[in-house]
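Here is how the chains run, residue by residue.
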Amino acid sequence: MSEKEYFEKLLAGVEQSLKEEFLSLKQLHEENFSEYKDQFSEVFWKLYEAIAQNIDETSPLEQKFFLRLGLVDPRYLTKDDLERIKECMISQPDDTFYYVDEWLVAVKNGKINPSTFEEVIQEQPQEKRTYDYTWIEKEYERKLFERNVEEEKLKDLVKGVQGKGPYTKGVYVIFDEITKSIGKLKKLDNDIKNLKETLDKTKEQAQAVQRLPKSNGKSTAFTEPLVIRQMVKKTVGKLGIQYPALTSNYLREINAIFSKKNSLKLFEELKLLDPTTLRRTIKGTEVFMSPFVILVPGYGESGFCWEPIEGLNIYGRGRIVVPIFSRKGLDPFYQAFGEYRWKLEKELSFGRWMEEGLTGEYYQYLEENKLKGQPAEYFVKDYILWLSKEANGIQKLDKAVREIFWKYLPFDDSVKEKLSKVSYIYQQLWERDLRKRQRDQH
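So, here's what we can say about the structure.

### What about the overall build of the protein chain?
Working step 1: For the protein chain, the helix and strand inventory stands at 17 helices and 7 strands.
Working step 2: Each principal axis of the C-alpha distribution contributes one length, and for the protein chain these read about 95 × 55 × 45 Å.
Working step 3: Residues counted as buried form 47% of the 442 residues belonging to the protein chain.
Working step 4: Of all intrachain contacts in the protein chain linking residues separated by at least 6 positions in sequence, the fraction that spans at least 24 positions is 72%.
Working step 5: For the protein chain, the exposed surface amounts to about 23,700 Å²; the carbon and sulfur share of it is 51%.
Working step 6: Considering the protein chain, the positive charge centre built from 72 side chains and the negative charge centre built from 73 side chains are found 4 Å apart.

### Notes on the pattern of salt bridges
Working step 1: With the rule as written, the count across this model stands at 37 salt bridges.
Working step 2: Here Lys-26 makes a salt bridge to Asp-73, at a shortest N to O gap of 2.9 Å. One end of the pair, Lys-26, is in helix H2 (residues 16-31); the other, Asp-73, is in the loop between helix H4 (61-69) and helix H5 (79-85), with 47 residues separating them in the sequence. In this structure, Lys-26 and Asp-73 share a single accessibility class: buried.
Working step 3: One salt bridge connects Lys-328 with Glu-301, and the closest N-O pair in it is separated by 3.9 Å. You can see Lys-328 sitting in the loop between strand E7 (319-326) and helix H12 (331-348) and its partner Glu-301 sitting in the loop between strand E5 (292-300) and strand E6 (304-307), a full 27 residues away along the chain.
Working step 4: When its relative accessible area of 42% is taken as the criterion, Lys-328 is described as partly exposed.
Working step 5: Taken together, the salt bridges that share partners define one network made up of Glu-3, Lys-26, Glu-30, Asp-73 and Arg-75.

### Some details on the packing of aromatic side chains
Working step 1: By the definition in use, this model includes 36 aromatic pairs.
Working step 2: Note on Phe-304 and Trp-306: the rings are 6.0 Å apart at their centroids and 50° apart in plane angle, and the pair reads as tilted. Comparing Phe-304 with Trp-306, the two get one shared label, buried.
Working step 3: Geometrically, the ring pair formed by Trp-342 and Tyr-362 is edge-to-face, given 6.0 Å between the ring centres and 80° between the ring planes. Taken together, the residues span a long stretch of sequence, with Trp-342 in helix H12 and Tyr-362 in helix H13 (residues 357-368) at a distance of 20 residues.
Working step 4: On the accessibility criterion, Trp-342 (3% relative accessible area) is buried.
Working step 5: Aromatic rings pair up to connect Trp-342, Trp-353, Tyr-362, Tyr-363, Tyr-365, Phe-379, Tyr-383, Trp-386, Phe-405, Trp-406, Phe-411 and Tyr-426 into one cluster.
Working step 6: The cationic tip of Lys-346 hangs over the ring face of Trp-353; the distance from NZ or CZ to the ring centre is 4.3 Å.

### Re the pairing of strand E3 (residues 279-282)
Working step 1: Alternating positions in E3 separate cleanly, Arg-280 and Ile-282 being buried on one face and Arg-279 and Thr-281 remaining unburied on the opposite face.
Working step 2: In this structure, E3 lies alongside strand E4 (residues 285-288), joined through 4 bridges in antiparallel fashion. Across the sheet, the residue bridging to Arg-280 is Val-287, located in E4.
Working step 3: Following E3, the chain reverses through 2 residues before pairing antiparallel with E4; Lys-283 in that reversal takes a positive phi of roughly 50°.

### Some details on H12
Working step 1: Between its first and last C-alpha, H12 extends 26 Å over 18 residues, near the 26 Å set by a 1.5 Å rise per residue.
Working step 2: Along H12, the residues classified as buried are Pro-332, Phe-333, Tyr-334, Gln-335, Ala-336, Phe-337, Gly-338, Glu-339, Tyr-340, Arg-341, Trp-342 and Leu-344.
Working step 3: One or two positions beyond H12, positive phi appears at Phe-350, with a value near 50°.

### Here we look at unusual backbone geometry
Working step 1: Even without being glycine, Lys-370 reaches a positive phi, approximately 50°.
Working step 2: Position of Lys-370 relative to the elements: it lies in the loop between H13 and helix H14 (375-388).

### Re the environment of Ile-136
Working step 1: Relative to the elements of secondary structure, Ile-136 occurs in helix H7 (residues 134-159).
Working step 2: Ile-136 gets classed as buried once you look at its relative accessible area, which sits at 0%.
Working step 3: C-alpha separation for the pair Ile-136 and Ile-282, spaced 146 residues apart in sequence, amounts to 9.0 Å.

### Some words on the side chain of Thr-359
Working step 1: Relative to the assigned elements, Thr-359 resides in helix H13.
Working step 2: Sequence-distant contacts of Thr-359, that is, excluding residues within four places in its chain, are made with Trp-342, Glu-345, Lys-346 and Trp-353.

### Focus: a positive patch on the surface
Working step 1: A cluster of basic residues, Lys-399, Arg-432, Arg-435 and Arg-439, forms a positive patch at the surface.
Working step 2: Relative to the elements of secondary structure, Lys-399 occurs in helix H15 (residues 399-408).
Working step 3: A residue is classified by how much of its surface remains accessible, and Lys-399, at 59% relative accessible area, is exposed.

### What to know about the packing of helix H3 (residues 33-54) against helix H9 (residues 224-236)
Working step 1: Orientation of H3 relative to H9, taken along the N-to-C sense of each, is 135°, at an axis distance of 9 Å. Between H3 and H9, the crossing angle belongs to the class labelled oblique. Where H3 crosses over H9, the handedness of that crossing is right-handed. Together, Trp-45, Tyr-48, Glu-49, Ala-52 and Gln-53 of H3 and Pro-225, Leu-226, Ile-228, Arg-229 and Val-232 of H9 make up the contact between the two elements.
Working step 2: Within the contact of H3 with H9, the residues separate by chemical class into 7 nonpolar, 1 polar and 2 charged.

Cut-offs and rules
Each chain carries its own residue numbering, running from 1 in the direction its sequence is written. Local features in a predicted model are, by the rule used here, given only for residues with pLDDT of at least 70; side-chain atom pairs are given and counted only at 80 or more, and totals for whole chains, interfaces and linings are based on all residues. Where side-chain values are given, they derive from all heavy atoms of the structure, hydrogens and water being excluded. Runs of E in the DSSP output that reach at least two residues are strands. Runs of H or I that reach at least four are helices, and both are numbered from the N terminus. Relative accessible area decides the class of each residue, using a 1.4 Å probe on protein chains only: under 20% of the type maximum gives buried, over 50% gives exposed, and in between gives partly exposed. Residues count as neighbours in contact if any of their non-hydrogen atoms are within 4.5 Å of one another. Using a 1.4 Å probe, the Shrake-Rupley method yields the accessible areas, and only the shown protein chains count as cover for residues. His is not counted, nor are the chain ends; Lys and Arg add positive charge and Asp and Glu add negative charge. Where a charge sits is defined by one atom per residue type, namely NZ (Lys), CZ (Arg), CG (Asp) or CD (Glu). We define a salt bridge as a side-chain nitrogen of Lys or Arg found within 4 Å of a carboxyl oxygen belonging to Asp or Glu. We call Phe, Tyr and Trp rings a pair once their centres come within 6.5 Å, taking the six-membered ring for Trp, and we label the pair stacked below 30 degrees between planes, edge-to-face above 60, and tilted otherwise. By the criterion adopted, a ring carries a charge over it if an Arg CZ or a Lys NZ lies within 6 Å of its centre and within 35 degrees of its normal. A pair of strands counts as paired when DSSP detects no fewer than two bridges linking them. Multiplying 1.5 Å by the helix residue count minus one yields the expected span of that helix. Residues with no salt bridge and a relative accessible area higher than 30% make up the patches, which join like charges within 9 Å and nonpolar side chains (Val, Leu, Ile, Met, Phe, Trp, Tyr) within 5 Å. To get an axis, fit a line to the C-alpha atoms, keeping to the stretch in contact for a helix; angles then go from 0 to 180 degrees between the N-to-C directions. Roughly parallel means an angle under 35 degrees; roughly antiparallel means over 145; roughly perpendicular covers 65 to 115; every other angle is labelled oblique. Left-handed describes a crossing whose near helix is turned anticlockwise from the far helix by less than a right angle; the clockwise case is right-handed. Asp, Glu, Lys and Arg are counted as charged, while Ala, Val, Leu, Ile, Met, Phe, Trp, Tyr, Cys and Pro are counted as nonpolar; the rest, among them Gly, fall into the polar class.

What follows is the structure, encoded as structure tokens:
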């Protein structure tokens with residue numbers, strides 16, 4: 001493809017004056033980078049918003065990669081760097097991870113609600129919003145299927161209860177299995193009832209909200225592109241690389257690339273290392289409810305939680321932000337989930353976060369050790385060590401923190417058992433778990 005064809009596709013649908021301003025400053029900054037860097041960055045963001053406003057499924061790939069990666073011109077990248085980012089150019093539909101272009105299309109199509117601006121997150125307006133109950137619905141359907149499987153299993157077990165004389169030992173074994181199966185069916189049915197009540201209530205709220213009139217009869221402006229810019233700015237940080245376009249000059253400083261493929265692999269590991277953060281309890285029933293993860297461009301130094309829940313909807317999924325191009329290895333990925341867990345615990349504690357649960361015990365640990373500063377910052381640093389070091393048997397945490405995390409952020413049993421063979425410290429914790437389970441069974 002020629003340079004002319006490339007930029008015709010990139011700038012399709014953009015106002016002529018902005019096209020000219022962009023191409024002019026692009027050329028000037030290529031000739032004198034340091035002098036025109038800031039001006040080019042400004043016009044980059046003007047173009048970014050213009051393209052973001054019009055993006056849809058049929059937009060050219062050049063526009064999608066511009067929004068997704070900050071890719072202005074492939075010639076800004078070496079052949080090796082083009083190879084490094086190739087994975088990020090593959091679109092892989094997923095319910096959890098979104099590239100910016102995919103996220104914008106999903107918000108525009110009404111599949112996902114718009115994100116709240118950072119400065120008003122704490123003061124959510126009572127505006128017209130849809131209520132996202134898709135994950136509750138999925139869990140409800142999954143539980144129905146699970147119950148159906150258990151019903152079939154019970155029917156097969158009952159068929160095995162027969163004999164001409166006294167029942168054999170084998171039949172008594174079947175009785176035990178039948179008792180377990182009935183217990184499981186009762187538990188599943190209770191979960192189904194709870195989820196059905198919550199689902200019906202949330203659907204009613206959604207319908208009520210849909211009936212609300214639009215403010216002043218006007219359609220709501222598409223503000224998500226502005227929120228995305230705030231997100232990128234926050235991942236970069238005040239002292240980070242402010243230049244927004246993708247170039248090999250700055251990719252040299254990148255030591256981890258969170259393509260969707262890499263992110264999904266890390267996410268599968270996270271399900272074993274921190275399963276409780278990906279679950280929500282609704283009326284005593286546990287459901288899998290991961291936050292949305294938005295993968296943003298820019299040379300990022302940190303990941304973070306944008307919102308732990310969606311606006312006023314406590315059943316809505318939160319959203320976290322991870323930079324695709326990380327200058328801090330895997331830390332931003334863990335950091336985002338750590339901040340999400342802390343904020344979610346606070347949100348659902350109804351003002352008692354300093355006294356109860358994970359945040360309460362951790363806060364009391366900070367107080368006892370006279371550690372000043374933001375509790376969330378200490379927590380996130382320890383959370384990163386928990387997943388990156390302690391999960392691999394490398395002891396980096398204070399004993400008290402390790403015990404709090406073992407209790408409230410437990411690894412999967414397979415990980416715990418493996419750790420128990422690595423060190424006496426983990427062995428003690430694991431044996432304590434097993435003793436507690438034995439006591440609970442009796």
